[in-house]
Amino acid sequence: MKALVTGGAGFIGSHLVDSLVEKGMDVVVVDDLSMGKVSNINNIDIVTLYIQDVRNQTFMQSLLQRERFDYIYFLAAVASVADSIEHPNETHSINHNAVLDTLEFIRAINLPLKQFLFTSSAAVYGNLPELPKKEDSRVDPLSPYAIDKYATERYVLAYGQLYNLPTVCVRFFNVYGPGQNPSSPYSGVLSILTDCLKNNRIFTLYGDGSQTRDFIYIEDVIQALLLITEKHVKNQVLNIANGLELSLSQIIETYENIVGDKLTINNETVRSGDVKRSVASIGQLISLGYSTHWPLKRGLAQYWKGEQ
Ligand code: UD1
């Protein structure tokens, strides 16, 4: 079986690549290394890596034509909401057009795919009050990033229905784990917390810490993605999360206890556009046989251990 992972050198993509290789798949990665790193891929000796932009249709079309993939995991994206606000049109060309161009070519050559999986985000839900977020809850995409993710989801599902392609979309909540880059203020808060604890840096806390999130450890994300593939899920959108709502203060306290150290905290006002509360309903994932293997304490302990 052959799989293509776009964005396969990134944080989530590289973990997926390693797991697919372990499952015995032939894995090809397309990544322009704008955010990803070759060193993220553990099995680089048996993975084919093309350092290419997914917008390069000449390249993508010849690759799809030649390799006849069974599975395509589309993770390549501008992953930062802040970047999407700075460069909406550029974001759109990657996060939306590149996905559509790929689907359109798959349709044109009648590629007998087993699954096309598109990775979306909890950002589509915006700041609406209803909780937990169900896949059919109202959406309110507030940034170019979220708008593109939602619009692309709809296209991916429409291609499934209109042209009989086995397509599926997932919405990641707050994913954490090794390989996540802490370098920007908009990096995942757990990568920033890890960096602060490790290097004795001051942590800037936006707001009073009562904002809540649904954190999922990368290994559980991979478990979910593999289940979605194994169960041939199609025509569906699925939340990928832990299903547990925790405040940032609770998370910080748990992490400090694991590390045995206290953070130095600098308090700032709430970040503009910050979501106050977030938690997913993960009923759909559970019905596939998913269960959390990495509750927060275990995930954080493992993450911290890997950083030593
Ligand atoms: C995440 C996404 C974001 C998306 C949003 C939609 C990431 C990194 N961000 O944001 O792109 O729009 O989901 O649901 O995946 N915080 C601090 N100090 C810091 C960094 C963050 O206090 O140095 C706070 C933030 O203000 C926020 C919380 O920690 O309240 C979590 O931040 P973050 O990890 O960026 O995730 P989201 O805000 O959920």
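Heads up: the structure comes first, above all this text.
What counts, and where the lines are drawn
Residues numbered from 1 in each chain as written. Predicted model: local features only at pLDDT ≥ 70, side-chain atom pairs only at ≥ 80, totals over all residues. Heavy atoms only, no water. Salt bridge = Lys/Arg side-chain N within 4 Å of Asp/Glu carboxyl O. Helix = DSSP H or I, 4+ residues; strand = E, 2+ residues; numbered from the N terminus. Axes fitted to C-alpha atoms, helices over the stretch in contact; angles between N-to-C directions. Left-handed = near helix turned anticlockwise from the far one by under 90°. Contact = heavy atoms within 4.5 Å. Nonpolar A, V, L, I, M, F, W, Y, C, P; charged D, E, K, R; others polar. Buried < 20%, exposed > 50% of the residue type's maximum accessible area, 1.4 Å probe, protein only. Polar contact = N/O pair within 3.5 Å; in protein donor to acceptor, adjacent residues only side chain to side chain. 1 Å grid on protein atoms, 1.4 Å probe; cavity = no way out; pocket = protein on both sides within 12 Å on 5 of 7 lines; lining within 4 Å. Points joined across faces, edges and corners; volume = space filled by probe spheres on them.

Asker: Where do I start with the pattern of salt bridges in this structure?
Answerer: Where charged atoms from two side chains of opposite charge come close, those side chains can pair. In the structure shown here, the tally under the stated rule is 13 salt bridges. The salt bridge involving glutamate 130 is made with arginine 138; its shortest N-O contact spans 2.8 Å. Aspartate 274 is the salt-bridge partner of arginine 213, the closest N and O atoms lying 3.4 Å from each other. On the criterion of sequence distance, the pair formed by arginine 213 in strand E9 (residues 212-213) and aspartate 274 in the loop between strand E13 (264-268) and helix H9 (283-287) is long-range, its members being 61 residues apart. What emerges from the salt-bridge pattern is a single network uniting Asp53, Arg55 and Glu90.

Asker: Would you explain the packing of helix H2 (residues 57-67) against helix H4 (residues 88-108) in this entry?
Answerer: A pair of packed helices is captured by two measures, namely the crossing angle of their axes and the spacing between those axes. Two elements in contact, H2 and H4, have axes separated by 10 Å at closest approach and are oriented at 40°. Note on packing geometry: the crossing formed by H2 with H4 is right-handed. In this structure, H2 contributes Gln57, Met60, Gln61, Leu64 and Gln65 to the contact, and H4 contributes Ala98, Asp101, Thr102, Phe105 and Ile106. Residues belonging to the contact of H2 with H4 are distributed by class as follows: 5 nonpolar, 4 polar and 1 charged.

Asker: What am I meant to see in the side chain of glutamate 67 here?
Answerer: Mapping glutamate 67 onto the fold places it in helix H2. For glutamate 67, a relative accessible area of 16% gives the class buried. Within polar-contact distance, the side chain of glutamate 67 engages the side chain of lysine 2 at 2.7 Å. Contact partners of glutamate 67, with chain neighbours within four places excluded, come to Lys2, Val28 and Tyr50.

Asker: What am I meant to see in the layout of surface pockets here?
Answerer: Within this model, the second largest pocket holds a volume of roughly 240 Å³. What lines the second largest pocket is Phe11, Ser14, His15, Asp18, Ser19, Glu22, Asn40, Asn42, Pro178, Gly179, Glu219 and Ile222. Sorting the residues of the lining of the second largest pocket by element identifies helix H1 (11-22) and helix H7 (218-230) as the ones contributing at least two each. The dominant element in the lining of the second largest pocket, judged by the number of residues it contributes, is H1, at 6 residues.

Asker: Please clarify how empty space enclosed by the protein should be interpreted in this entry.
Answerer: Over the atoms, a rolling probe the size of a water molecule traces out where space has been left empty. Tallied over the full model, the rule gives 1 cavity of 30 Å³ or more. Taken as a whole, the largest cavity encloses approximately 30 Å³ of empty space. Contributing to the lining of the largest cavity are Phe215, Asn242, Leu244, Leu246 and Leu296. The class makeup of the residues in the lining of the largest cavity is 4 nonpolar, 1 polar and no charged.

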